[in-house]
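Summary of structural features
What follows is each chain in one-letter form.
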Amino acid sequence: MQAIQSKRTVWCYLIFVVCTNFATMLSFLTIYLQHLRFSLAAISAFLLAYQLCKFIFEIPTGFLSDKYGRKVVGQIGLVGMILYYALLLLRPNTILMVVALAMRGISESCISGSLESLFIDSLPKEGLARYNALERFCFYMANGVSALLGGVLIGAQLFQLSIAVDIVAAIFAFLSSTGIRSSSEPVHCNAQSNTLSLINAASMLKSNSMLMGFLAMDFAQAFCFVGLEEFYTLVLQDNGIDALWSGGIIAVQLIATSLFGFLVPALLKGRNKAPMLYRLAITRLVVTALLLVPGTPFPFIPVLYFLGDLLFTLFAPIKYELFQSSCPSEYRATVISTQSQLTSLGAIAFFFLSSIFSNVLDAQQVLLAALVLSSVLYIPALRYVTSSKN
């Protein structure tokens, strides 16, 4: 019976991953905001508000998930995402955009770590890497198909229809979440309730140097790569590619990456994972630097971006397995929320940098500066978590 319930949780979670990542506006939000005649500095400020709200609410919502029920907090976040898309449908102005993106940040902080924790707890430890590869396939496939559809809709100036499609996907995500089984009653009904507190969670993190190393990597990575994801369509647009072709390029990249993800478990089998993680992560930094260096011929930009995605697909399951194996189960949602909070903090730092320098630098130059700065922390943290003594 438990095996059947666990299988149902896995399938419902994978459907949830597909629906939450089927977002036609995801790759084109910056283009939509430019269409509304907002400047790059204003767009950076909107995204800064989004990341700031996500940062503020990440740990509190993760702790509430651990203590009072992960499923219900995640579903509150899904309702919030539906409201976010509904706000985008209203007559746009500066205040409304700030409110909408703040709503998105709060909602994503509720979703972050909540339903994923239930999924992880339903899996055997030896299955983490395999199911992470399957999850990445669903993630990339949903992003790829929605980017293709988004490119068609945005290219035809059908912004409202694109948002409506995303609302329908968010509703299906909510429905699929109802099939994800809660592992138990909320933790406050459990014997561990007296030990679960934010103070104890902070103490656990301080004493777990491996987790701290991975969290430092996540912060440094977000400082560059969150901005790269948000501004990639602007980089393509600056090189003369319209929304339709941008959607096609992104779709091909994401779908090919998702198919490649099926090969990952076989490629990683029997490998010494820590050294492999180090080599792949460093190679990705080099590839990204080549992508962002001024003067790189345009045909190489999407190729290098795609190569970076392939490298990430290879090392993400390794990092995921090492990270989760270092994480106590009772604090899983809190730790995942801490991870998301540091990712948001890295993104906040990037968009703050972008809002200051976007008047003198283009998107590609801002991203290159962020990559150089992030490497100062990322490489030492990567060295630490992959060293032989750990």
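Since the structure is predicted, the reported quantities are computational estimates derived from the model, not experimental observations. (Residues numbered from 1 in each chain as written. Predicted model: local features only at pLDDT ≥ 70, side-chain atom pairs only at ≥ 80, totals over all residues. Heavy atoms only, no water.)

In this section: helix α13 (residues 273-292). Two residues of an α-helix separated by three or four positions point the same way, owing to the 3.6 residues in each turn. For α13, which comprises 20 residues, the first-to-last C-alpha distance of 29 Å matches the rise-based estimate of 28 Å (1.5 Å per residue) to within 8%. Those residues of α13 that sit buried are Ala274, Met276, Leu277, Leu280, Ala281, Arg284, Leu285, Val287, Thr288, Leu291 and Leu292. Tucked inside the fold, the buried residues of α13 contact α10 (209-238), α12 (264-268), α14 (300-325) and α16 (363-385). (Helix = DSSP H or I, 4+ residues; strand = E, 2+ residues; numbered from the N terminus. Expected span 1.5 Å × (residues − 1). Buried < 20%, exposed > 50% of the residue type's maximum accessible area, 1.4 Å probe, protein only. Contact = heavy atoms within 4.5 Å.)

The next point concerns the environment of Tyr378. Residue placement: Tyr378 occurs in helix α16. Residues Tyr378 and Met217, spaced 161 residues apart in sequence, show a C-alpha to C-alpha distance of 5.1 Å. If sequence neighbours within four positions are ignored, Tyr378 has contacts with Met217, Ala220, Gln221, Ala281, Leu285 and Phe315.

Right, let's get into the nonpolar core. Residues Phe16, Tyr85 and Phe231 are the most contacted members of the largest nonpolar core, which totals 112 residues. The biggest single contributor to this core is α10, with 18 residues. Not counting the four nearest positions on each side in its chain, Phe231 is found in contact with Thr30, Leu40, Ser44, Leu47, Phe350, Phe351, Ser354, Ala363 and Leu367. (Core = buried A, V, L, I, M, F, W, Y, C linked by side-chain atoms within 4.5 Å.)

Moving on, we come to the packing of α10 against α14. Interaxial distance between α10 and α14 falls to 13 Å at its minimum, and their mutual angle equals 155°. By the angle between their axes, α10 is roughly antiparallel relative to α14. In terms of crossing hand, the pair formed by α10 and α14 is left-handed. Every residue of α14 that contacts α10 at Leu211, Phe214, Leu215, Met217, Asp218, Gln221, Leu228, Glu229, Tyr232 and Val235 is listed here: Ile301, Pro302, Tyr305, Phe312, Phe315, Lys319, Leu322 and Phe323. The class makeup of the residues in the contact of α10 with α14 is 14 nonpolar, one polar and three charged. (Axes fitted to C-alpha atoms, helices over the stretch in contact; angles between N-to-C directions. Parallel < 35°, antiparallel > 145°, perpendicular 65-115°, else oblique. Left-handed = near helix turned anticlockwise from the far one by under 90°. Nonpolar A, V, L, I, M, F, W, Y, C, P; charged D, E, K, R; others polar.)

Another point: the confidence of the model for the chain. Mean pLDDT over the chain: 82, with 90% of residues reaching 70 or higher. Highest mean pLDDT in the chain belongs to helix α8 (residues 159-177) (94); lowest belongs to helix α9 (residues 198-207) (72). Below pLDDT 50 for its whole length, residues 184-195 participates in 14 contacts with residues either more than four positions away or in separate chains. (pLDDT = per-residue confidence, 0-100.)

Attention shifts here to a nonpolar patch on the surface. Together, Val168, Ile171, Phe172 and Leu175 line one region of the surface with nonpolar side chains, adding up to about 370 Å² of accessible area. When you line up the elements, Leu175 lands in helix α8. A residue is classified by how much of its surface remains accessible, and Leu175, at 48% relative accessible area, is partly exposed. (Patch = residues over 30% accessible without salt bridge, like charges linked within 9 Å, V, L, I, M, F, W, Y side chains within 5 Å. Areas by Shrake-Rupley, 256 points an atom, 1.4 Å probe, with all protein chains shown as cover. Salt bridge = Lys/Arg side-chain N within 4 Å of Asp/Glu carboxyl O.)

Attention shifts here to the pattern of salt bridges. Per the counting criterion, the structure on display carries three salt bridges. Close ionic contact of Glu108 with Arg104 constitutes a salt bridge, the shortest N to O distance being 3.1 Å. In this pair, Glu108 and Arg104 both sit in helix α5 (residues 94-111), four residues apart, roughly one turn of the helix. Side by side, Glu108 and Arg104 carry an identical accessibility label, which is buried. Taking the shortest distance from any N to any O, the salt bridge between Asp218 and Lys319 comes out at 2.8 Å. Here the residue Asp218 occupies a position in helix α10, and Lys319 occupies one in helix α14, the gap between them amounting to 101 residues. Per residue, the accessibility class of Asp218 equals that of Lys319, and both read buried. Connected via shared salt-bridge partners are Lys54, Arg104 and Glu108.

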